[in-house]
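# Architecture and fold: a report
These are the residues of each chain, in order.
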Amino acid sequence: SLNPVVFENLAITTSVVKTAGAGINFNTATSYAARCRVQNVSIRLMFYGIFVTQGLFDSVIRDCWIQDFVNTGIYIKNVAANKDSGDNLIQGCVIWDLNDGASQHCIRYDKGGTLTVANNKLLGSLYGFRMVLDDGPTGTLIISGNSIENQRTKGISLEQATTGKTFAHVVIASNQFLQNA
């Protein structure tokens, strides 16, 4: 289905920290989700805050508060046959592991076409933004105007997980880093 899904002005939380699953899971096993919006959503104590299994494109995650996630705040895995499914935006979000700093990534991106990560606050994981490219080529990656603080490994990590593939269009500009390893 190409019909958009909208999550807006919503809180997803629990009193018990989750050991699996996601606050929001885009898992379109047989189709694609286009022009979806996650806006002004608070997600707390989930294993993944937002998990994109496959097929999300031309979509926006904006002005969200994702806190105390166990593994990853926003994970774009995209196992779809169309690896270039993308043109997504993550903007104006606060993504942080305030509880004990045990999480892996504020944002992880494996593949999925063009992605813009702009004007976010990423706090207290192993990685602020981590790309582990396992297929390609895909679109453009823009990381701009973010505050990336207190990451225990790297603020931004771009990794090539397979040979013979290229991710050539990367722009990293005007980010602020503090106390990164």
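Before reading on, note that the structure itself is shown above.
Quick caveat: nothing in here was measured; it's all calculated off a predicted structure.

### So, the overall build of the chain
Along the backbone of the chain there are zero helices and 20 strands. Counting the 181 residues in the chain, one finds 50% classified as buried. Counting only contacts in the chain whose residues sit at least 6 apart along the sequence, the fraction spanning at least 24 positions is 76%. For the chain, the accessible surface area stands at approximately 7,900 Å², while carbon and sulfur atoms represent 51% of it.

### Here's the deal with the environment of Tyr127
By secondary structure assignment, the location of Tyr127 is in strand E15 (residues 127-133). Overall, Tyr127 belongs to the buried group, its relative accessible area being 12%. Leave out the neighbours within four places in its chain, and Tyr127 touches Gln104, His105, Cys106, Gln151, Thr153, Lys154, Gly155, Ser157 and Glu159.

### Focus: the side chain of Asn71
Structurally, the position occupied by Asn71 is in the loop between strand E8 (65-67) and strand E9 (72-76). In this view, Asn71 contacts Phe47, Tyr48, Ser103, Gln104 and His105; residues no more than four positions away in its chain are not counted.

### As for a nonpolar patch on the surface
A cluster of nonpolar side chains, namely Leu158, Val170 and Ile172, defines an oily patch on the protein surface of about 220 Å² accessible area. Look at Ile172 and you get partly exposed, because its relative accessible area is 42%.

### Overview of the side chain of Asp110
Among the structural elements, Asp110 can be located in the loop between strand E12 (105-109) and strand E13 (115-118). Accessibility expressed as a relative area gives 2% for Asp110, which makes it buried. A distance of 2.8 Å separates the side chain of Asp110 from the side chain of Tyr75, its partner in a polar contact. At 2.8 Å, the side chain of Asp110 forms a polar contact with the side chain of Arg108. Ignoring any residue separated from it by four or fewer positions in sequence, one finds Asp110 in contact with Tyr75, Ile76, Lys77, Val132, Leu133 and Asp134.

### Considerations on the pattern of salt bridges
Summed over the entire model, instances satisfying the criterion amount to three salt bridges. Between Lys121 and Glu149 there is a salt bridge, with its nearest N and O atoms 3.1 Å apart. You can see Lys121 sitting in strand E14 (residues 121-123) and its partner Glu149 sitting in strand E17 (residues 147-149), a full 28 residues away along the chain. Look at Lys121 and you get partly exposed, because its relative accessible area is 31%. A salt bridge links Arg130 to Glu159; the nearest nitrogen and oxygen atoms lie 2.7 Å apart.

### Things to note about the environment of Pro4
Looking at the secondary structure, you find Pro4 in the segment before strand E1 (6-12). Separated by 54 residues in the primary sequence, Pro4 and Asp58 place their C-alpha atoms 9.7 Å from one another.

### What about the packing of aromatic side chains?
Across all of its chains, the model carries seven aromatic pairs by this definition. Between the aromatic rings of Phe7 and Phe26, the centroid separation amounts to 6.1 Å while the plane-to-plane angle is 90 degrees, which identifies the pairing as edge-to-face. Residue Phe7 is found in strand E1, and its partner Phe26 is found in strand E2 (residues 22-27); the two are separated by 19 residues along the sequence. Residue classification places Phe7 among the partly exposed residues on the basis of a relative accessible area of 24%. Ring centres of Phe47 and Tyr48 lie 4.9 Å apart, and the angle between their planes is 85 degrees; on these two criteria the pair is classed as edge-to-face. Of the two residues, Phe47 and Tyr48, neither departs from the other in class, the shared state being buried. Through successive ring pairs, a cluster of aromatic residues spans Phe47, Tyr48, Phe51 and Tyr75.

### Points about the state of the cysteines
If you walk through the whole model with that rule in mind, you get zero disulfides. This cysteine, Cys64, is not joined by any disulfide, and Cys93 carries the nearest cysteine sulfur, 4.5 Å off.

What counts and how
- Residues numbered from 1 in each chain as written.
- Predicted model: local features only at pLDDT ≥ 70, side-chain atom pairs only at ≥ 80, totals over all residues.
- Heavy atoms only, no water.
- Helix = DSSP H or I, 4+ residues; strand = E, 2+ residues; numbered from the N terminus.
- Buried < 20%, exposed > 50% of the residue type's maximum accessible area, 1.4 Å probe, protein only.
- Contact = heavy atoms within 4.5 Å.
- Areas by Shrake-Rupley, 256 points an atom, 1.4 Å probe, with all protein chains shown as cover.
- Patch = residues over 30% accessible without salt bridge, like charges linked within 9 Å, V, L, I, M, F, W, Y side chains within 5 Å.
- Salt bridge = Lys/Arg side-chain N within 4 Å of Asp/Glu carboxyl O.
- Polar contact = N/O pair within 3.5 Å; in protein donor to acceptor, adjacent residues only side chain to side chain.
- Phe/Tyr/Trp six-rings, centres within 6.5 Å; stacked < 30°, edge-to-face > 60°.
- Disulfide = S-S within 2.5 Å.

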